[in-house]
Amino acid sequence: MKRWLWLTAASDSHTPMLMKHFLPSWGRHLEPHSEMQCEPLAGHCGSFGEDAFNEMGRKSVLRMVRKVRENEGRPMIVSGCDFHFYADFIAEVEAALEGHDLVGLNDVYGPVCGDFLAFNASAKIADLFAWIHAHDPAFPNEQYTLNAAIAALGLQARLLPDTFWTYGLEGRGTWSSGQPVHPPAGIRLHHANFTIGAENKMALLDAVAEAVGDA
């Protein structure tokens, strides 16, 4: 099993999630199989759909073009930092990647979520991120741009099962603090989207960790 290169980034507003949930749970379950590189991002990245959020995303994809080209042939994961990991799932990701260009999470509406992508670094994947950067201003946000890029470039993408979980899979829309959560048995990871703002993301990560028994 090759050691994966894992890239993430954290703004000031998201660093508490990185320190409380992402890094400790990654260390417990995934560190033996992956090398972590975390880039600090100055300031506040904004909330989903805001101009600051979209601009931060455009800067990040340029970094991805460079990183993919520098690591051609190496397996890579690119993710946000609003995650809690509950299992060693690298073998599952490797199996899902067989015969595909990239693997991602089910975004419910997307369909591929841009906040967790696994792939073998190649010129084809570098072109994906370059396409996103070039065309992102024409789309409402980078989620739309990613899926348009996959289609335009003819890439084969596969979704991981719903044990790679987000609240959106409950079909209840956007989560607000205090609402119940129902993570599935055998949960592999939790991505804290389908809520707005860093404080709600942290509260959602806390709620799911408590429900799973890993708080």
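Above: the structure in question.
Definitions and cut-offs
- Residues numbered from 1 in each chain as written.
- Predicted model: local features only at pLDDT ≥ 70, side-chain atom pairs only at ≥ 80, totals over all residues.
- Heavy atoms only, no water.
- Phe/Tyr/Trp six-rings, centres within 6.5 Å; stacked < 30°, edge-to-face > 60°.
- Helix = DSSP H or I, 4+ residues; strand = E, 2+ residues; numbered from the N terminus.
- Buried < 20%, exposed > 50% of the residue type's maximum accessible area, 1.4 Å probe, protein only.
- Pairing = 2+ DSSP bridges.
- Axes fitted to C-alpha atoms, helices over the stretch in contact; angles between N-to-C directions.
- Contact = heavy atoms within 4.5 Å.
- Core = buried A, V, L, I, M, F, W, Y, C linked by side-chain atoms within 4.5 Å.
- Parallel < 35°, antiparallel > 145°, perpendicular 65-115°, else oblique.
- Left-handed = near helix turned anticlockwise from the far one by under 90°.
- Nonpolar A, V, L, I, M, F, W, Y, C, P; charged D, E, K, R; others polar.

Asker: Would you mind showing me how to read the packing of aromatic side chains here?
Answerer: The geometry of two aromatic rings is summed up by the distance between their centres and the angle between their planes. The final tally for this structure, using the stated rule, is 12 aromatic pairs. Between tryptophan 6 and phenylalanine 22, the ring centres sit 6.2 Å apart and the planes meet at 90 degrees, which makes this aromatic pair edge-to-face. Of this pair, tryptophan 6 sits in strand E1 (residues 4-11) while phenylalanine 22 is found in helix H1 (residues 15-29), placing the two residues 16 residues apart along the sequence. Per residue, the accessibility class of tryptophan 6 equals that of phenylalanine 22, and both read buried. Connected via pairs of aromatic rings, a cluster forms that spans Trp6, Phe22, Phe83, Phe85, Phe89, Phe116 and Phe164.

Asker: Could you clarify how one ought to interpret the sheet that holds strand E7 (residues 157-159) in this entry?
Answerer: The pairing of strands in a sheet happens through backbone hydrogen bonds and is either parallel or antiparallel. If you trace the 6 strands from one edge of the open sheet to the other, you get E2-E1-E3-E6-E5-E7, paired in mixed fashion. One side of each edge strand has no neighbouring strand; the edge strands of this open sheet are strand E2 (34-41) and E7. Neighbour to neighbour, the strand axes of the sheet diverge by 25 degrees on average, direction disregarded. Contacting E1, E2 and strand E3 (75-79), H1 runs over the sheet at an angle of about 160 degrees to E1.

Asker: How do you make sense of unusual backbone geometry when you look at a structure like this?
Answerer: Negative phi characterises most residues that are not glycine, and trans characterises most peptide bonds. Positive phi, normally seen in glycine, also occurs at valine 108, with a value near 75 degrees. Examined against the element boundaries, valine 108 turns out to sit in the loop between strand E5 (102-106) and strand E6 (112-120). Assessed through its relative accessible area of 33%, valine 108 is described here as partly exposed. Of note, phenylalanine 194 is a non-glycine position whose phi angle comes to about 60 degrees, a positive value. Along the chain, the position of phenylalanine 194 falls in the loop between strand E9 (189-191) and helix H6 (198-212). According to the relative accessible area criterion, phenylalanine 194 is buried, its value standing at 14%.

Asker: In this structure, what is going on with the pairing of E3? I would like to understand it.
Answerer: The side chains of a regular strand alternate between both faces of the sheet. The element E3 is extensively covered by neighbouring structure, given that 5 of its 5 residues are classed as buried. Alternating positions in E3 separate into two faces, Pro75, Ile77 and Ser79 on one and Met76 and Val78 on the other, with burial throughout. Sheet topology note: the E3/E6 ladder contains 5 bridges and is antiparallel. Of the residues in E6, the one forming a bridge with methionine 76 is phenylalanine 119.

Asker: How should the nonpolar core be read in this particular structure?
Answerer: The nonpolar side chains of a soluble globular protein tend to be buried with one another. Trp6, Phe85, Phe89 and Phe116 are the most contacted members of the largest nonpolar core, which has 25 residues in total. Among the elements of the structure, E1, H1, strand E4 (83-85), helix H3 (90-97), E5 and E6 are those that each provide at least two residues to this core. Setting aside residues no more than four positions away along its own chain, phenylalanine 85 makes contact with Trp6, Phe22, Ser25, Trp26, His29, Leu30, Arg188, Leu189 and Asp214. Among the nonpolar cores identified, the runner-up in size contains 23 residues, and Leu7, Val61, Ala149 and Leu155 belong to it.

Asker: Before we go on, may I ask you to explain the sheet that holds E4 in this structure?
Answerer: Taken together, the 3 strands give an open sheet; going across it, the order is E4-E9-E8, and neighbouring strands pair in mixed fashion. With one partner strand each, in any of the chains shown, E4 and strand E8 (164-166) form the two edges of the open sheet. Between one strand axis and the next, the sheet turns through 20 degrees on average, direction left out of account. Summarising the sheet, E8 and E9 pair through 3 bridges and their orientation is parallel. By the bridge assignment, tryptophan 165 is partnered in E9 with histidine 190.

Asker: Would you explain the packing of helix H4 (residues 123-135) against helix H5 (residues 142-153) in this entry?
Answerer: The description of two packed helices rests on the angle between their axes and on the distance between the axes. Orientation of H4 relative to H5, taken along the N-to-C sense of each, is 125 degrees, at an axis distance of 9 Å. Taken together, the axes of H4 and H5 lie oblique to each other. In this structure, H4 crosses over H5, and the sense of that crossing is right-handed. Residues Asp127, Leu128, Trp131, Ile132 and His135 of H4 pack against Glu142, Thr145, Leu146, Ala148, Ala149, Ile150, Ala152 and Leu153 of H5. Residue composition of the contact of H4 with H5, by class: 9 nonpolar, 2 polar and 2 charged.

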